[in-house]
Amino acid sequence: MLFAGVDVGSRTAKAVIVSQNGINGTHLIPTGPESAKTAMAVLEGALQKKGLSFEDLSYIVTTGYGRYIAPFADESLSEIYCHAKGVNAIFPSSRTILDMGGQDCKAIRVNTRGEHVNFVMNDKCAAGTGRYMEVMADALRVPLEEMGERSLRATGTVTISSICAVFARYEVLSYHRKGYPLEDILAGLHEAVAHRVFGLIKKVGIERDFAITGGIANNIGIVRRLEKLVGLNALIAENPQLTGALGAAILARESGRRMALKP
């Protein structure tokens, strides 16, 4: 029996297919203007990689911003629930999770069963999100994937005082026009983001072990600064963007098993 989890996020859509024995397939694509079509496309992509079809799936759980729009969902669950479950599957010892998504940031505390017991969500400001970093990368004309590493090469740092992406962009460009080294500007930007999301983590309470999920988990500059603030080495999956979809797939498997046991 096969089960699927589909995470339709604000910037990226992810799909994970699992069996009773583990992961059978994954796929990831940019979220397009129509969430329903994106959800269908990302799941079809995961299925096609393994020569499978929708008829091979016993149960499908969707999560993320577009979870209610996906036409094929058997069940839709919050990303808090799914990320907690996904991290627990990869890192059973983790008790504190930071999910840094495209347009929001969540700090989650979980128990030994991978159930969230507390969470705080920053969904009214871009700071600490993928979109925030994209705005800054565009302003400075630096490839997004290079920002973190280059920030670690800084010999100094600047102070970015604005939380708002619009005003922070103005600060960043002002430093750039004044001739500050690009690496020092990136260092200041990454410091500001790290301190911003650290405030969220403190609100849920920091417990071992500490995991980071979402696209920004691939940014080494953010990760290193957060590790220093938290005082723990971060646990990061091979592909941290797939964690929510993995959790959704595991929950789909659990729901499918319960249904199979019903008389």
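Our structure's up above, just so we're on the same page.
Residues numbered from 1 in each chain as written. Predicted model: local features only at pLDDT ≥ 70, side-chain atom pairs only at ≥ 80, totals over all residues. Heavy atoms only, no water.

Undergrad: Teacher, can you tell me more about the overall build of the protein here?
TA: When its secondary structure is counted, the protein shows 8 helices and 9 strands. Taking 2.2 N^0.38 as the reference for a compact globule, 263 residues should give roughly 18 Å; the C-alpha atoms of the protein span a radius of gyration of 19 Å, in line with that estimate. For the protein, the spread of C-alpha atoms along the three principal axes comes to 70 × 35 × 30 Å. Every one of the 263 residues in the protein was classed for burial, and the buried ones make up 55%. Counted over contacts in the protein with a minimum sequence separation of 6, partners at least 24 positions apart contribute 64%. As displayed, the protein has an accessible area near 12,200 Å², and 50% of this comes from carbon and sulfur atoms. Side-chain charges of the protein comprise 30 positive and 26 negative groups, with the mean position of each set lying 4 Å from the other. (Helix = DSSP H or I, 4+ residues; strand = E, 2+ residues; numbered from the N terminus. Rg over C-alpha atoms; globule rule 2.2 N^0.38 Å. Buried < 20%, exposed > 50% of the residue type's maximum accessible area, 1.4 Å probe, protein only. Contact = heavy atoms within 4.5 Å. Areas by Shrake-Rupley, 256 points an atom, 1.4 Å probe, with all protein chains shown as cover. Lys, Arg positive; Asp, Glu negative; His and termini not counted. Charge placed at Lys NZ, Arg CZ, Asp CG, Glu CD.)

Undergrad: So what exactly am I meant to see when it comes to the nonpolar core here?
TA: Across soluble globular proteins, nonpolar side chains have a tendency to be buried as a group. In terms of nonpolar packing, the biggest core is built from 40 residues, with Met 100, Tyr 132 and Leu 226 touching the most fellow members. Secondary structure elements with two or more residues in this core: β6 (96-100), β7 (105-110), α3 (130-140), α5 (165-177), α6 (182-204), β9 (210-213) and α7 (220-230). Among the nonpolar cores identified, the runner-up in size contains 17 residues, and Val 8, Leu 43, Leu 47 and Leu 57 belong to it. (Core = buried A, V, L, I, M, F, W, Y, C linked by side-chain atoms within 4.5 Å.)

Undergrad: Mind showing me how you'd approach empty space enclosed by the protein here?
TA: Over the atoms, a rolling probe the size of a water molecule traces out where space has been left empty. Following the criterion strictly, the structure yields 1 cavity of 30 Å³ or more and no others. The volume enclosed by the largest cavity comes to roughly 30 Å³. In terms of lining residues, the largest cavity is bounded by Val 87, Ile 90, Phe 91, Ala 211, Ile 212, Thr 213, Leu 235, Ile 236, Ala 237 and Thr 243. Those elements that provide at least two residues to the lining of the largest cavity are α2 (79-90) and β9. (1 Å grid on protein atoms, 1.4 Å probe; cavity = no way out; pocket = protein on both sides within 12 Å on 5 of 7 lines; lining within 4 Å. Points joined across faces, edges and corners; volume = space filled by probe spheres on them.)

Undergrad: Before we go on, may I ask you to explain the side chain of Arg 253 in this structure?
TA: Take Arg 253: it is sitting in helix α8 (residues 243-261). Despite its burial, Arg 253 pairs with no opposite charge; the closest candidate is Glu 254, at 6.4 Å N-O. With near-sequence residues (within four places) excluded, Arg 253 lies in contact with Phe 3, Val 18, Ser 19, Gln 20 and Gly 22. (Salt bridge = Lys/Arg side-chain N within 4 Å of Asp/Glu carboxyl O.)

Undergrad: It is not clear to me how the pattern of salt bridges should be interpreted in this structure. Could you clarify?
TA: Here the structure, examined in full by the defined rule, presents 16 salt bridges. The partner of Arg 67 in a salt bridge is Glu 79, and the shortest N-O contact between them spans 3.0 Å. Residue Arg 67 is found in the loop between β4 (57-63) and β5 (75-76), and its partner Glu 79 is found in helix α2; the two are separated by 12 residues along the sequence. Note on Arg 67: relative accessible area 16%, which makes it buried. Close ionic contact of Glu 134 with Arg 131 constitutes a salt bridge, the shortest N to O distance being 3.3 Å. Pair noted here: Glu 134 and Arg 131 are both in helix α3, with a separation of 3 residues, about one helical turn.

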